[in-house]
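# Observations on the three-dimensional arrangement
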Amino acid sequence: MAAANRPPPAYTAPPKFGDPRDITAAEPSARTPKESFTIRPCSGQAWLVPAGHICRLTTPKGPQVGDLNIWNANNPRERMWAARTRQIHASHVSVGDRLWSNLPYLRPLVTITGDSLGGGQLHDVLGEDGKRKPEAVFGTTQFGGRVHDLLGTRCDPYVNLLMGGETFDFHCHSNLTRAVAPYGLTELDVHDVLNVFQVTGLDEQGKYFMETSPAKAEEYFEFFAEVDVLCALSACPGGDLSNWGWDDKAGGMGATCRPFGSGGVSVGRESLGRMGGTSEPRIQGAARNEHATARAGRAGRHMIM
Ligand SMILES: [Zn+2]
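Residues numbered from 1 in each chain as written. Predicted model: local features only at pLDDT ≥ 70, side-chain atom pairs only at ≥ 80, totals over all residues.

An unreviewed UniProt entry lists the protein under the name DUF1989 domain-containing protein, with Penicillium chermesinum given as the organism.

## Describing the overall build of the protein
Counting secondary structure elements, the protein contains 6 helices and 14 strands. Out of the 305 residues in the protein, the part that is buried amounts to 42%. Expressed as a percentage of contacts within the protein between residues at least 6 apart in sequence, the contacts between residues at least 24 apart total 75%. (Helix = DSSP H or I, 4+ residues; strand = E, 2+ residues; numbered from the N terminus. Buried ≥ 20, exposed ≤ 12 C-beta atoms within 10 Å, placed from the backbone. Contact = placed C-beta atoms within 7 Å.)

## Description of the nonpolar core
Counting residues in hydrophobic clusters, the biggest one holds 59 residues, and the most contacted among them are I70, V110, L194, A225, V229 and C231. Looking at which element gives the most residues to this core, the answer is strand β13 (residues 229-235), with 6 residues. Excluding residues that lie within four positions of it along the chain, V229 makes contacts with V49, I70, W71, N72, A73, L109 and V110. (Core = buried A, V, L, I, M, F, W, Y, C linked by C-beta atoms within 7 Å.)

## Digging into unusual backbone geometry
For the bond running from L103 to P104, omega is 5 degrees, close enough to zero to count as cis. Among the secondary structure elements, P104 is positioned in the loop between β6 (98-100) and β7 (108-115). Notably, E218 is not glycine yet its phi reads approximately 70 degrees, a positive angle. Mapped onto the elements, E218 comes out in the loop between β11 (208-211) and β12 (219-225). For E218, a count of 12 C-beta atoms within 10 Å puts it in the exposed group. Not every positive phi belongs to a glycine, and L241 is a case in point at roughly 70 degrees. As for its position among the elements, L241 is in the loop between β13 and β14 (260-268).

So, in structure tokens, the structure goes:
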């Protein structure tokens, strides 16, 4: 019997959104740092990044995993779509990948321009062909884990109770909810996350696992805002995940919790005029179709009595 061929990836990143290497702001020398702040352990923070600016997340004191949410700042119904981003790029993302928005928008909200665990800055990581240099990747751990995870989602108080833990008010879901409240958003707006600095994978049974964060002090992960975005990051109460569990009665997990940013999450801003020209919002006209309205009558409403 002939050997079966491995199916190819079902998706490839669409070229219409341009070459990430065109983002001139990815050159560190072209930047003017403007603002920075610290996210305390076990807390969250939200902040705005205007289109055309770079935002850098750092781990000033060593390993700590974070749960990141991103919205279109001008329309929070448009937000990061972890599942489609997984398909277009990979289960774990790094330099050159984009974080895509949900339907009916489906466009890059941000482009990842730097990742110290994934080889560094965009122009060092991507080769002449636009692909990542083989030596400039995080790779996989002995268990198959990779870093910067789109497989899982945020920890939350509901699943904590479901799994036998006790009431706790500082899970990432709660931290993110508090963080976005000043922007008029609620827990219903909090969505599936990008777990930054977090190593995860699926085992032989397809079960989700997590490993200790490999981030050292001053590790960074940064992205270029393709549109005005609202970001929120939670410093996970799981800390560096070396002592992770559904309950923390002994306090071992809490002892591994660290802040983000050393001066925090730093937002490096410079004038839009110096950017690489990818900052214009690019609505996909072709995505506007009549699927919902034209066929709504056919579907009707039903109730099983
Ligand atoms: Zn968490």
